[in-house]
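# Coordinate analysis (summary)
Each chain is listed here by its residues.
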Amino acid sequence: MLPAIGDFEGNLERIEQFIEMAVSEGAEVVVFPELTISGYTWDEAILKRGALFFSEVAKKKLLKLSREGQILIAVGTPRIVLGKLRNSLVIFKKKRELLFYDKTHLFRGEKNVFEPGEYFLVFSYRGVVFGTLICYEIGFPEISRILTFKGSKVILSAFAFGKARGHTYDVATRSRAVENGVFLVASSMCGEGFVEFVGRTRIVGPNGKVMNEIESGEGLICEDLDLDAVYHYRYDEEGDSHAYLRNYMSHLYTLQKGRL
């Protein structure tokens, strides 16, 4: 979707509409783009108001929708931690205790308004381990590999990726999936906003192939994930499997002092 910058109420209404659509499709997890609550911007004043709106209004509403729909909701929002803004992906999984992932690697002007996060988030839901990342972080392979080693079978990723770098988005989303034998769910802003966004919300399989995608415009895609495929592509040395994790030589990747 394309959230409107500063239209917090309107964005929340649109989020609710998409959640209702996802529930009607039988979805168990729904993922929204980066900074969906506020719209993507580097305007500190708007982001601070968006963070306040999230904490005072949107949080309660989304928790209610998660419970009523029996669905996990991952939504991007600004939030304030110890007086400083963070670019966050918030996980609602029907309980009062929310999970927060704060973007650790910031892009261009983001560094002037956001404080980077300090950790990567992995969590379990309905017996499945999920990892999370936000936009620019797709270009740091170490993040997805760490999420994988922590048990993730599905990586939920939120994007506000510029169309000018669309080739990078296409290659990186497929690469992170195939390298790790993981499903990657990429929810991406589309249309003309802060910049022209790439869109192309997609679900990528552990073989690196795009299973489903919105080529342009707003919309919702749903896909059933066969999690047994994760083991196949990570460890089976047969057929179309790459078995990268079976043959991973971990002792070669330890950094030695004075060397990189």
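As the structure is a computational prediction, the values presented were derived from the model and not from experiment. (Residues numbered from 1 in each chain as written. Predicted model: local features only at pLDDT ≥ 70, side-chain atom pairs only at ≥ 80, totals over all residues. Heavy atoms only, no water.)

Opposite charge on two side chains allows them to pair when their charged atoms are near. What the rule picks out here adds up to 18 salt bridges. Between K64 and E68 there is a salt bridge, with its nearest N and O atoms 2.6 Å apart. You can see K64 and its partner E68 sitting in helix α2 (residues 44-69), 4 residues apart, about one turn around the helix. What makes E68 exposed here is its relative accessible area of 54%. Within the structure, one salt-bridge network assembled from shared partners comprises D170, R174, R200, R202 and E213. (Salt bridge = Lys/Arg side-chain N within 4 Å of Asp/Glu carboxyl O. Helix = DSSP H or I, 4+ residues; strand = E, 2+ residues; numbered from the N terminus. Buried < 20%, exposed > 50% of the residue type's maximum accessible area, 1.4 Å probe, protein only.)

Before going further, it helps to spend a moment on the environment of E16. For E16, the position within the fold is in helix α1 (residues 8-24). Between the C-alpha atoms of E16 and L62, which are 46 residues apart in sequence, the distance is 7.9 Å. With sequence-adjacent residues up to four places away left out, E16 is seen in contact with K61 and L65. (Contact = heavy atoms within 4.5 Å.)

This next bit is on the packing of aromatic side chains. Taken as a whole and assessed by the stated rule, the structure comprises 15 aromatic pairs. Here the aromatic rings of F149 and Y248 are separated by 5.1 Å at their centres, their planes lie at 70 degrees, and the arrangement is edge-to-face. Linking F149 in helix α3 (residues 141-149) with Y248 in the segment after α5 (228-235), this pair joins segments that are 99 residues apart in sequence. Accessibility expressed as a relative area gives 49% for F149, which makes it partly exposed. Of the residues examined, Y248 reaches a relative accessible area of 22% and is grouped as partly exposed. (Phe/Tyr/Trp six-rings, centres within 6.5 Å; stacked < 30°, edge-to-face > 60°.)

Another aspect to go through is the nonpolar core. The biggest cluster of nonpolar side chains holds 39 residues, and the ones touching the most others in it are F123 and L156. A total of 5 residues in this core trace back to one element, the largest contributor, which is strand β7 (residues 154-159). If we ignore the near neighbours within four places in the chain, the residues touching F123 are L72, I91, K93, L99, V128, V129, F130, T132 and L156. One finds F18, I19, V30 and L98 within the second-largest nonpolar core, a separate group that totals 24 residues. (Core = buried A, V, L, I, M, F, W, Y, C linked by side-chain atoms within 4.5 Å.)

Per the UniProt annotation, the sites labelled "domain: CN hydrolase" (unreviewed entry) are residues 1-227. Here residues 1-227 is 30% helix and 27% strand, with 27 Å between the C-alpha atoms at its ends. (UniProt positions renumbered as here; feature names shortened; annotations may be inferred.)

Two elements in contact, α3 and helix α4 (residues 166-180), have axes whose closest approach is 10 Å; the angle formed by their N-to-C orientations is 35 degrees. Once α3 is placed against α4, the crossing between them reads as right-handed. Between α3 and α4, the contacting residues are P141, S144, R145 and T148 on the first element and R176, E179 and N180 on the second. (Axes fitted to C-alpha atoms, helices over the stretch in contact; angles between N-to-C directions. Left-handed = near helix turned anticlockwise from the far one by under 90°.)

What follows covers the sheet that holds strand β4 (residues 99-102). Spatially, the 4 strands line up as an open sheet ordered β1-β2-β3-β4, and their pairing is mixed. The open sheet terminates on both sides in strands that have one partner only, identified here as β1 (29-31) and β4. The mean inter-strand angle of the sheet, taken between neighbouring strand axes irrespective of direction, is 35 degrees. Bridge analysis of strand β3 (residues 84-92) against β4 gives 4 bridges, and the strand direction is antiparallel. Across the sheet, I91 pairs through a bridge with L99, a residue of β4. Where α2 meets the sheet, it contacts β2 (72-81), β3 and β4, and its direction lies at approximately 145 degrees from that of β2. (Pairing = 2+ DSSP bridges.)

This part covers the packing of α1 against α2. Across the interface, α1 lies against α2 with an axial gap of 10 Å and an inter-helix angle of 25 degrees. In this view, α1 runs roughly parallel relative to α2, as classed from their interaxial angle. For the element pair α1 and α2, the recorded crossing hand is right-handed. Residues F8, E9, L12, I15, E16, I19 and V23 of α1 touch α2, and the partners they reach there are I46, R49, G50, F53, V57, A58, K61, L62, L65 and G69. (Parallel < 35°, antiparallel > 145°, perpendicular 65-115°, else oblique.)

Before going further, it helps to examine a nonpolar patch on the surface. A cluster of nonpolar side chains, I5, F194 and V195, forms an exposed patch at the surface whose accessible area comes to about 210 Å². Residue position: I5 is located in the segment before α1. When its relative accessible area of 38% is taken as the criterion, I5 is described as partly exposed. (Patch = residues over 30% accessible without salt bridge, like charges linked within 9 Å, V, L, I, M, F, W, Y side chains within 5 Å. Areas by Shrake-Rupley, 256 points an atom, 1.4 Å probe, with all protein chains shown as cover.)

Below, the discussion takes up the pairing of β7. Counted residue by residue, β7 has 6 buried out of 6 residues, so it is predominantly covered. Side chains V154, L156 and A158 project from β7 onto one buried face, and the interleaved I155, S157 and F159 project onto a second face that is buried too. Bridge count for strand β6 (residues 128-134) against β7 is 5 bridges, and the pairing is parallel. What sits directly across from F130, in β7, is V154. Where the polypeptide runs from β6 across α3 and back to β7, its parallel neighbour, the crossover connection is right-handed. As judged from the 6 bridges shared by β7 and strand β8 (residues 183-188), these two strands associate in the parallel manner. Bridge assignment links V154 to a residue of β8, and that residue is F183. The parallel pair β7 and β8, bridged by α4, forms a crossover whose chirality is right-handed. (Right-handed = clockwise from strand over helix to strand, strands pointing away.)

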